[in-house]
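Okay, here's what each chain looks like letter by letter:
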Amino acid sequence: MTASTIFTASKGVLVGPRATVARLTVCALVCITVAEILVATGSVVPGLVVDALLLILLVNAYALGDSEESHEPRDVLLALSLVPLLRLASVTLALPDVSPVTRIAFIGAPLLLAVVLQARIIGLEILDVVIRPSDVVIGLVGLPVGYVGYLILRPAPLLASPSTGEFLVACLVLLIFTGFVEEAMFRWLILRTLDETFVRGGVFISSALFAVMYLGTGSPGFVIFAGLAGLAACAVVRRTESLLGVALAHGLASIGILLVWPLVL
Amino acid sequence: MTAFFSKALPNVVRSDAYHYVFNAATLLVAAVLMVLLIETELLRARRPDGAVGRAWFATTLPLALVFVIALVVRLHRYG
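Residues numbered from 1 in each chain as written. Chains lettered and ligands numbered in written order. Predicted model: local features only at pLDDT ≥ 70, side-chain atom pairs only at ≥ 80, totals over all residues. Heavy atoms only, no water.

### Focus on the nonpolar core
Moving on, step 1. Among the nonpolar cores identified, the biggest contains 98 residues, and F186(A) and L189(A) are the most heavily contacted of them.
Moving on, step 2. Sorting elements by how many residues they give to this core places helix α8 (residues 164-198) of chain A first, with 14 residues.
Moving on, step 3. Apart from the residues within four sequence positions on either side, F186(A) is in contact with V83(A), L191(A), S206(A), L209(A), F210(A), M213(A) and M1(B). (Core = buried A, V, L, I, M, F, W, Y, C linked by side-chain atoms within 4.5 Å. Buried < 20%, exposed > 50% of the residue type's maximum accessible area, 1.4 Å probe, protein only. Helix = DSSP H or I, 4+ residues; strand = E, 2+ residues; numbered from the N terminus. Contact = heavy atoms within 4.5 Å.)

Written out as structure tokens, the structure is:
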């Protein structure tokens, strides 16, 4: 890769293939935001159409790029395709007659498969998979975060009066399919690939995207809260080079917001 | 966000419009799947390094899983 193709720090502008990828990335972010606003305001099908078109365009832009140049700048386009995929899966599998916990697992399983396949294609190194004491400490931060999140959103409980078994299964599903899968998407695949194009800006773009995906909650306070939590999670992942702490924190926060606090308070 | 999402659409999920949204979403997934599968066949030769096949495989397989789950649940619940 020549000097002209990388971020030129002196002028603060992007040139070469990265500039193209950056423009496509910004277009994708705008499309995702539009789609999320449409879905959040009840125009679900038009929002999904935007997501479907975006998904095809992103995969095409990634796969049909110039084969002579490095894959790295374009990797972000493939990683971003996870976002419309997530929303398409969310609506398609938002099955009203299925238990909410099963529904989350149904939505999360294809996403987990997509994350694994994309990580292999992009060639991302697996982050540290050994749980360290620092991961546990970071994970426990999810408890107060979940409390604050509940106070802002005050959702109905995911399960009205769960048995111990149902509660434990729900905890496991939330830990894996909201904690691990969503953190792997936003703080691993998307953040790492955004960093290739936007350098330090990747943290802010990834966090903004994470916040946009919560527009559907209909709570501006919760969207801001999600954005700030995303920023903090990005900072932690960058510092510790470990995904497990933030995945645990995200999972525990989800358990608090959806399972524990609605039943206790 | 997958866990909170269904709460964002209470009016849709609990109303008669739900089946319309459900059908449209399933059809959209099917349409995207078809486009990606056709493209894979048409454009595979353009990238001898296999990038086309790999990129589309990583998208079509999860989408196919979404479609199959939606179809199985729909057949099971609504016959």
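### Here we look at the interface of chain B and chain A
Moving on, step 1. Chain B puts 46 residues into the contact, and the matching count from chain A is 61 residues.
Moving on, step 2. Taken over both partners, the interface formed by chain B and chain A buries close to 4500 Å², and the fraction arising from carbon and sulfur atoms is 78%.
Moving on, step 3. Remark: the boundary between chain B and chain A carries zero salt bridges.
Moving on, step 4. Connecting chain B to chain A are one residue pair in polar contact (both at pLDDT 80 or more).
Moving on, step 5. When contributions to the side of chain B that touches chain A are tallied by element, the ones reaching two or more residues are α1 (2-8), α2 (10-13), α3 (17-43) and α4 (51-78) of chain B.
Moving on, step 6. Here the element with the most residues in the side of chain B that touches chain A is α4(B); it accounts for 18 residues.
Moving on, step 7. Tallied by class, residues from the side of chain B that touches chain A come to 35 nonpolar, four polar and seven charged. (Buried area = accessible area lost by both parts, 1.4 Å probe. Salt bridge = Lys/Arg side-chain N within 4 Å of Asp/Glu carboxyl O. Polar contact = N/O pair within 3.5 Å; in protein donor to acceptor, adjacent residues only side chain to side chain. Nonpolar A, V, L, I, M, F, W, Y, C, P; charged D, E, K, R; others polar.)

### Thoughts on the confidence of the model for chain A
The predicted coordinates should not be examined in detail at positions where pLDDT is low.
Residues and elements named next belong to chain A.
Moving on, step 1. Looking at chain A, the pLDDT average stands at 87 and 90% of residues meet or exceed 70.
Moving on, step 2. Model confidence for chain A, summarised as mean pLDDT per element, is weakest for helix α1 (residues 17-40) at 90 and strongest for helix α7 (residues 142-153) at 95.
Moving on, step 3. Low confidence marks residues 1-11, where pLDDT is under 50. Its contacts with residues over four positions away, or in another chain, come to 18 contacts. (pLDDT = per-residue confidence, 0-100.)

### Structural notes on the packing of aromatic side chains
All names here are of chain A.
Moving on, step 1. The final tally for this structure, using the stated rule, is five aromatic pairs over all chains.
Moving on, step 2. Where F210 meets Y214, the ring centres are 5.3 Å apart and the plane angle is 70°; that geometry is what we call edge-to-face.
Moving on, step 3. Owing to a relative accessible area of 4%, Y214 belongs among the buried residues under this scheme.
Moving on, step 4. Following the ring pairs from residue to residue traces out a cluster consisting of F186, F210, Y214, F222 and F225.
Moving on, step 5. The ring of F210 has R187 sitting right over it, with the charged end atom 4.2 Å from the ring centre. (Phe/Tyr/Trp six-rings, centres within 6.5 Å; stacked < 30°, edge-to-face > 60°. Lys NZ or Arg CZ within 6 Å of the ring centre and 35° of its normal.)

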